[in-house]
Amino acid sequence: MIPIKDYAGPRRRLPWITWGLIAVNPAHFPFHTPSPVYLTLITAMFLHAGWLHIGGNMLFLYIFGDNVEDRMGHIAYLLFYLFCGVVAGITQVAVDPGSSIPSLGASGAIAGVLAAYLVLFPLARVRTIVFIVIFFTIVTLPAFVLIGIWFLLQFFDGVAALSNVQQGMGGVGYFAHIGGFVTGLVITFLLRPWLRPPASVSYPSYPRHPDSTHPSDWWR
């Protein structure tokens, strides 16, 4: 599933941290292993394995990050993003300490952003491309459905990756995603009473059948 647009209500400030993170991620800098080596938990967040990897990550950050930043504030959002990314990296190392595959990418930090969006905007509508074998369709899903399915896929794929059959296949840091998501979920639940209230409690409408309010119209 690929999100292409969300409807979480108006934002009240420009998401310049989100835009800045997207700009820094595609940038090319000379890279040297930092000292001490544990700083790679931060630098690895800004390195990716290819354009498809970075494109997918930045799309999710672009769709979901701006509204989370609007609720948290710029500095708190940046610290939240970095903290989720660091915990994500630690989680992956703890689960698979003997791996020789480099752990790169912003996925763990973005998983934390998805968790925050789930807590703060669970009923927001998200236009999503859904692939069915070689075909695809575009549907509008509630955020809790889209993000919930994403997390379940990460969890079950992570469990499968621990088996002997899947060991060493793919090189995807599923447990980094899980660690970042759980961290973001817990932090957002704790911070929610102190966060800026949403600009609007209602979400913009999207095309549905005339005069219909049935929940099944969410999927159309």
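What comes next is a walk through the structure.

Calculation criteria
- Residues numbered from 1 in each chain as written.
- Predicted model: local features only at pLDDT ≥ 70, side-chain atom pairs only at ≥ 80, totals over all residues.
- Heavy atoms only, no water.
- Helix = DSSP H or I, 4+ residues; strand = E, 2+ residues; numbered from the N terminus.
- Phe/Tyr/Trp six-rings, centres within 6.5 Å; stacked < 30°, edge-to-face > 60°.
- Buried < 20%, exposed > 50% of the residue type's maximum accessible area, 1.4 Å probe, protein only.
- Lys NZ or Arg CZ within 6 Å of the ring centre and 35° of its normal.
- Core = buried A, V, L, I, M, F, W, Y, C linked by side-chain atoms within 4.5 Å.
- Contact = heavy atoms within 4.5 Å.

1. Regarding the overall build of the protein
Thinking step 1. Helix and strand counts for the protein come out as seven helices and three strands.
Thinking step 2. For the protein, the α and β elements follow one another from N to C terminus as β-α-α-α-α-α-β-β-α-α.

2. Some points on the packing of aromatic side chains
Thinking step 1. Evaluated as defined, the whole model comprises seven aromatic pairs.
Thinking step 2. Here Phe60 and Phe64 contribute two aromatic rings whose centre-to-centre distance is 6.0 Å and whose plane-to-plane angle is 35°, an arrangement assigned as tilted. On the criterion of helical spacing, the pair formed by Phe60 and Phe64 is a turn pair, its members being four residues apart in helix α3 (residues 51-72).
Thinking step 3. Using a relative accessible area of 0% as the deciding quantity, one classes Phe64 as buried.
Thinking step 4. Taking the centre distance of 5.4 Å and the plane angle of 75° together, the rings of Phe155 and Phe156 count as edge-to-face.
Thinking step 5. Residue class for Phe155 comes out partly exposed when judged on its relative accessible area of 36%.
Thinking step 6. Take Phe156: its relative accessible area is 53%, and that puts it in the exposed class.
Thinking step 7. A connected cluster of aromatic rings, assembled from ring pairs, spans Phe60, Phe64, Tyr117 and Phe121.
Thinking step 8. Note that Arg71 overlies the ring of Phe121, its terminal NZ or CZ placed 5.7 Å from the centroid.

3. Some remarks on the environment of Gly9
Thinking step 1. Positionally, Gly9 belongs in the loop between β1 (2-7) and α1 (16-24).
Thinking step 2. Taking the C-alpha atoms as reference points, Gly9 and Pro198, 189 residues apart in sequence, are found 8.1 Å from one another.

4. Focus on the nonpolar core
Thinking step 1. One finds Leu61, Phe64, Tyr77, Tyr81, Tyr117, Ile147 and Phe181 to be the most contacted residues of the largest nonpolar core, which totals 44 residues.
Thinking step 2. The leading source of residues in this core is helix α5 (residues 107-120), at eleven residues.
Thinking step 3. Ignoring sequence-local partners within four residues, the contact set of Phe181 consists of Ala111, Gly112, Leu114, Ala115, Leu118, Ile147, Trp150 and Phe151.

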